[in-house]
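Listed here are the chains, written in short residue letters.
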Amino acid sequence: MSFRKFTRLFQHNSPSLLVVGQILVSAMGLLTAPIIAQSLGPSGRGETAAVITAFNLVPILLAIGIPTVVRRDSALSSVSASLRTARILCLVAFLPALGMAFLLHHTAFATVVGNASVPVIIGLTLTPLTISWLCDIGVLMARERYRAVFLIKVLFPFLNLSLLVALWVASSATTATVLWAAIIAKVVTSLASFVIVRVPLQGEYTPVGPLLRSSWRFAGSSIGEAATNRLDQILLLPLLGAYQTGIYAVGVTIGTLPLALAQGMGGAFYGPVARSEGRKRQRYKGMGIRSGILSAVLSGAALAVASPLIVPLVFGQEFIAALPVIFVCLVGSVFMCAAFVASSMLAAEGKGWHLTIGQFASLGVSVGLLYWWGPALMAPGAAWSSTVGYLVLAVVVCVSLQIPLKGFTPRKSDFANTFNALFRRIK
């Protein structure tokens, strides 16, 4: 994409900025991955991947679905009452975050010792800042402020990459310094999102009770989604060791790249589904699920062809072992992308319990298979367990959308609809 085209997208506040932003996020993630991998090796990569995964997972666990409620409220009205209350609850969340920090430090991360133990505890304690960040993004997505979403989402990986490059140039990259870089980037990004979504402290507040009762409908789906996508990297560290966790982390980095397109389409279809009814809503749901599958198949095929060249060139010869993981994850990405778009549309319909059932069914299957296949098949076994988990999730959420079978049938218009969802507006 030329700079002129990107400027045009930015000026018109196009939803395709979500896709461009996610592609940039993934690209910067790909750049940080080889820096960490080449500086720390597979074992160091495994340790940092597990801890940073916890940095991302803990705030979603503590948020108990509140960002989803804030997003839905913002899609239906311009009132900021729920966001004000959510920010107060973020302050309260620091105490349980501290407790989880010490719990994980003495259990899953007991092998991460030395100077790295300090950023582990501090990073986990500061995770409520990310809850505020998630609420802000939800508000911006609901109000279709795609430029602001783009800036917030790109800021963290940009800062993290910049810090890692500085560490790499100075030959100072260690497990501890890599974790400190992630902490600094997350804190700055959270503060920036707080400033972008300017909500005065004075004004209407949603009562805590009703907000929490509404959030519980989505708590299971939010927790399940986070766990389904990230929990395995935490469990792998004590189960298979740092080396296999590092191999798996690199495989997942490339194998889940198609999710960038699904995230863009999930955001593009959320508003139309939330605001429509009847046959028009059914049309949007069918269009969204087919577009998610199509984008995953096309991008996954391209990545499968390119991966044998990318991995040794970018990560080094010692990460060739990640290729089987990549291929399995690309199969799973088809189910993952379909499930992501379907979940976004279910959230738009307010069907939180359907998401909860799907996410926990997927989590139970994937974790159970991880402990069965992981010790026998190592990192590829972990990839197969997550793939089957995504299949279960896709089936549950797609059935919950109540789309007739003909709604899944490929059509000639799907290519144009997918393009419009990514680069224009849904009609």
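Below, the structure is looked at part by part. Here the residue index of a chain counts from 1 through its sequence in written order. Given that the model is predicted, a residue must reach a pLDDT of at least 70 before its local features are reported, and side-chain atom pairs must reach 80 or more before they are shown or counted; all residues, however, enter totals for whole chains, interfaces and linings. Calculated side-chain values reflect all of the structure's heavy atoms, with hydrogen atoms and water omitted.

1. With respect to the overall build of the protein chain
Helix and strand labels come from DSSP, where a helix needs a run of H or I of at least four residues and a strand needs a run of E of at least two; each type is numbered from the N terminus. The helix and strand inventory of the protein chain stands at 17 helices and zero strands. Note on classification: 1.4 Å probe, protein chains only; a residue is buried when its accessible area is under 20% of the maximum for its type, exposed when over 50%, partly exposed between these limits. Looking at the protein chain residue by residue over its 427 residues, the buried ones come to 58%. If you take every contact in the protein chain between residues at least 6 apart in sequence, the share linking residues at least 24 apart comes to 85%. All accessibility values rest on the Shrake-Rupley procedure with a 1.4 Å probe; residue burial counts only the protein chains present in the view. Split by element, the accessible area of the protein chain, about 17700 Å² in all, is 69% carbon and sulfur. Here, residues are in contact when the closest pair of their heavy atoms is within 4.5 Å.

2. Focus: the packing of helix α14 (residues 323-349) against helix α16 (residues 379-400)
Angles here are taken between N-to-C directions and fall from 0 to 180 degrees, while the axes themselves are lines fitted to C-alpha atoms, restricted in helices to the stretch in contact. Packing of α14 against α16 brings their axes to within 8 Å, and their N-to-C directions diverge by 25 degrees. Taken together, α14 and α16 sit at an angle that is classed as roughly parallel. For the pair α14 and α16, the sense of crossing is left-handed. Contacts between α14 and α16 involve Pro 324, Val 325, Val 328, Cys 329, Val 331, Gly 332, Phe 335, Met 336, Ala 339, Ala 342, Ser 343 and Leu 346 on the former and, on the latter, Ala 379, Pro 380, Ala 383, Trp 384, Thr 387, Tyr 390, Leu 391, Leu 393, Ala 394, Val 397, Cys 398 and Ser 400. Counted by class, the contact of α14 with α16 contains 20 nonpolar, four polar and no charged residues. The scheme is simple: roughly parallel for angles under 35 degrees, roughly antiparallel for over 145, roughly perpendicular for 65 to 115, oblique for anything else. The handedness criterion is simple: a crossing whose near helix is rotated anticlockwise from the far helix by less than a right angle is left-handed, and one whose near helix is rotated clockwise is right-handed. Under this grouping Gly is polar, as are all residues other than the nonpolar Ala, Val, Leu, Ile, Met, Phe, Trp, Tyr, Cys and Pro and the charged Asp, Glu, Lys and Arg.

3. Some points on a nonpolar patch on the surface
Each patch is assembled from residues with relative accessible area greater than 30% and no salt bridge, linking like charges that lie within 9 Å and nonpolar side chains (Val, Leu, Ile, Met, Phe, Trp, Tyr) that lie within 5 Å. Criterion for a salt bridge: a side-chain nitrogen of Lys or Arg within 4 Å of a carboxyl oxygen of Asp or Glu. Residues Ile 88, Leu 91, Val 92, Leu 201 and Tyr 205 make up a contiguous nonpolar surface patch of about 520 Å² in total accessible area. Owing to a relative accessible area of 66%, Leu 201 belongs among the exposed residues under this scheme.

4. A closer look at the side chain of Asn 160
The topology assignment puts Asn 160 in helix α8 (residues 146-169). Exposure remark for Asn 160: the relative accessible area of 11% places this residue in the buried category.

5. Notes on a positive patch on the surface
A surface patch of positive charge is lined by Arg 143, Arg 145, Arg 147 and Arg 198. Among the secondary structure elements, Arg 145 is positioned in the loop between α7 (128-142) and α8. His is not counted here, nor are the chain ends, while Lys and Arg score as positive and Asp and Glu score as negative. Note that the charge is assigned to NZ on lysines, CZ on arginines, CG on aspartates and CD on glutamates.

6. Concerning the environment of Leu 313
In this structure, Leu 313 sits in helix α13 (residues 278-314). Looking at Leu 313, the relative accessible area reads 71%, which means it is exposed. The spacing of Leu 313 and Pro 34 is 279 residues in sequence and 9.6 Å in space, taken between C-alpha atoms.

7. Section: helix α11 (residues 242-255)
A rise of 1.5 Å per residue sets the reference length of α11, with its 14 residues, at 20 Å; its end C-alpha atoms lie 20 Å apart and thus fit the reference within 8%. By the criterion of burial, α11 is predominantly enclosed, with 13 of the 14 residues buried. Here the expected length of a helix is defined as 1.5 Å per residue gap, with one fewer gap than residues.

8. Here's the deal with the nonpolar core
Here, nonpolar core means buried Ala, Val, Leu, Ile, Met, Phe, Trp, Tyr and Cys residues that are tied together by side-chain atoms lying within 4.5 Å of each other. Within the largest apolar cluster, 57 residues are counted, with the highest numbers of intra-cluster contacts made by Phe 109, Leu 124 and Tyr 248. With 11 residues, helix α2 (residues 16-63) is the largest single contributor of residues to this core. Dropping the residues within four chain positions of it, Leu 124 is found in contact with Ala 54, Phe 55, Val 58, Ala 97, Ala 101, Leu 104 and Phe 109. With 36 residues, the next largest nonpolar core counts Ile 35, Ile 137, Ala 181 and Leu 211 among its residues.

9. Concerning α7
The end-to-end C-alpha distance of α7 is 22 Å, a good match for the 21 Å that 15 residues give at a rise of 1.5 Å each. Counting buried residues in α7 gives 13 out of 15 residues, a clear majority hidden from the surface. Positioned one or two residues after α7, Glu 144 has a phi angle of 60 degrees, which is positive.

10. Here's the deal with the packing of aromatic side chains
Ring pairs shown here join Phe, Tyr and Trp side chains whose ring centres sit within 6.5 Å, with only the six-membered ring taken for Trp; geometry is labelled stacked below 30 degrees between planes, edge-to-face above 60, and tilted in between. All told, the structure shown has three aromatic pairs when counted by the stated rule. On the basis of an interplanar angle of 55 degrees and a centroid distance of 6.1 Å, the ring pair of Trp 133 and Phe 156 is categorised as tilted. With Trp 133 in helix α7 and Phe 156 in helix α8, the pair connects residues that are 23 residues apart, well separated along the chain. With respect to class, Trp 133 is no different from Phe 156; both count as buried. When the centroid spacing of 6.2 Å and the interplanar angle of 55 degrees are considered together, the rings of Phe 315 and Phe 319 count as tilted. Judged by its relative accessible area of 1%, Phe 315 falls in the buried class. Under the relative-accessibility criterion, Phe 319 is labelled buried at 0%. Looking at Lys 186, its charged tip hangs above the ring of Phe 156, at a distance of 4.5 Å from the centre. Put simply, a charge is over a ring when the Lys NZ or the Arg CZ is close to the ring centre, within 6 Å, and near the line of the ring normal, within 35 degrees.

11. Structural notes on unusual backbone geometry
Located in the positive-phi region is Ser 171, a residue other than glycine, with phi close to 55 degrees. Examined against the element boundaries, Ser 171 turns out to sit in the loop between α8 and α9 (175-196). A positive phi is found at Met 378, a non-glycine position, where the angle reads about 60 degrees. On the secondary structure map, Met 378 appears in the loop between α15 (352-377) and α16.

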